[in-house]
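# Structural features, examined
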Amino acid sequence: MNTTLQTEPARSDYIRIDGLSKRFGGGHDGVLALDQIDCSIQQGSFVTIVGPSGCGKSTLLRILAGLLGYEVGSVLLDGQPIHGTRRDVGVVFQSSILLPWRTILENVMLPAEVIGLDMKQARERAMQLLHMVRLDGFEHKLPRQLSGGMQQRASIARALLHDPKILLMDEPFGALDAMTRERMNLELQRIWMESGKTVVLITHSIPEAVFLGDKVFVMSPRPGTLERVLSIDLARPRTMDVMSDPAFASAAASIRERFSHAASFD
Ligand SMILES: Nc1ncnc2c1ncn2[C@@H]1O[C@H](COP(=O)(O)OP(=O)(O)O)[C@@H](O)[C@H]1O
Ligand SMILES: [Mg+2]
């Protein structure tokens, strides 16, 4: 049975992408990064995106984050076209990009200063989030005093400070060692289940994509098209033992098979 702990009822088409193409530059030197992407993402769901290096994963995420414009197709978030950054989106990149001279708490509170939130409330929320990502007691440390995994958890807390509805993550655990990464996958699943956010996560790890995703979006080599959408029907919360489940193995194998001939998978 597939159990979910989300409090909000799932609504279809929270994010809706139709006919999205993205070209960088013109003429012979132009690169078609995304070609006719159609997909939808349900509210409260966890979507992972895998595909070979250069297939347009980051381009797609940057468009969803409102950090990159597009000319062809439509991208709707809760029925509204995405043009420019929005308050209801939080973003986490591969490197945690914490400011080295600021404490962890000051880093997590940074968006409050940028957006102009009430600082007292923001501080309370930051402390709650640091508790959620299990960084109690590290509030006043500097980033370099924390491990890579802890820094990345602080980045997740920072991305959630303004209470976005959607968390977009671009290879957030790519720089971590394998064991830390497994722990971070479990942590992220827990955070997602507790927070009820919609999460879209890019990864170059097929097991990570299957472990975390309700759906796995499999992109083709450049120009990136959305080749397949796999539904991963494994009960939550998932533990690492799920990797020995036949459904897990067959999902991972079918993605791997698709890319067995790709020169570089990242
Ligand atoms: N700002 C940019 N200007 C020109 N080309 C870009 C830009 N960003 C990405 N590209 C190109 O678009 C393609 C897709 O890039 P990207 O989305 O970063 O792929 P991925 O994240 O899947 O590795 C690549 O060929 C890349 O070189
Ligand atoms: Mg990328």
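Not measured: the values here are computed from a predicted model.

Calculation rules
Residues numbered from 1 in each chain as written. Chains lettered and ligands numbered in written order. Predicted model: local features only at pLDDT ≥ 70, side-chain atom pairs only at ≥ 80, totals over all residues. Heavy atoms only, no water. Axes fitted to C-alpha atoms, helices over the stretch in contact; angles between N-to-C directions. Helix = DSSP H or I, 4+ residues; strand = E, 2+ residues; numbered from the N terminus. Parallel < 35°, antiparallel > 145°, perpendicular 65-115°, else oblique. Left-handed = near helix turned anticlockwise from the far one by under 90°. Contact = heavy atoms within 4.5 Å. Nonpolar A, V, L, I, M, F, W, Y, C, P; charged D, E, K, R; others polar. Pairing = 2+ DSSP bridges. Phe/Tyr/Trp six-rings, centres within 6.5 Å; stacked < 30°, edge-to-face > 60°. Buried < 20%, exposed > 50% of the residue type's maximum accessible area, 1.4 Å probe, protein only. Domains from an automatic or database assignment. Buried area = accessible area lost by both parts, 1.4 Å probe. Salt bridge = Lys/Arg side-chain N within 4 Å of Asp/Glu carboxyl O.

The next thing to look at is the packing of helix α5 (residues 148–160) against helix α6 (residues 178–195). The interhelical angle for the contact between α5 and α6, taken along N-to-C directions, is 20°, at an axis separation of 11 Å. Here α5 is positioned roughly parallel relative to α6, judged by the angle of their axes. For α5 against α6, the interelement crossing comes out right-handed. Residues Gly149, Gln152, Arg153, Ile156 and Leu160 of α5 lie in contact with α6, whose contacting residues are Thr180, Met184, Glu187 and Ile191. Within the contact of α5 with α6, the residues separate by chemical class into four nonpolar, three polar and two charged.

With that out of the way, let us pick up the sheet that holds strand β2 (residues 31–41). Reading across from one edge, β2-β1-β4-β5 is the order of the four strands in this open sheet, with antiparallel pairing throughout. Of all the strands in the sheet, just β2 and β5 (80–81) have a single pairing partner and so form its edges. Bridge count between strand β4 (residues 72–77) and β5: two bridges; the pairing is antiparallel. Residue pairing across strands places Leu77 opposite Gln80, the latter belonging to β5. With respect to the sheet, helix α1 (residues 57–64) is in contact with β1 (15–24), β2 and β4, its orientation differing from that of β1 by roughly 120°.

This part takes up the packing of aromatic side chains. Scanning the entire structure with this criterion turns up one aromatic pair. Judged by centre distance (5.5 Å) and plane angle (75°), the rings of Phe46 and Trp192 are edge-to-face. Remark: Trp192 occurs in helix α6 and Phe46 occurs in strand β3 (residues 46–50); sequence separation between them is 146 residues. On the basis of relative accessible area, Phe46 is assigned to the buried category, the value being 0%.

The next thing to look at is the domain arrangement of the protein. Once the domains are mapped, the protein shows domain 1 (42–70 + 84–88 + 165–260) and domain 2 (99–163). For domain 1 versus domain 2, the distance between C-alpha centres works out to 24 Å. The interface is formed by 14 residues belonging to domain 1 together with 14 residues belonging to domain 2. When domain 1 packs against domain 2, the two sides together hide about 1,300 Å² of surface, and 65% of this comes from carbon and sulfur. Counting the contacts that link domain 1 with domain 2 gives two salt bridges. Residue Glu187 pairs with Arg134 through a salt bridge whose shortest N-O separation is 2.7 Å.

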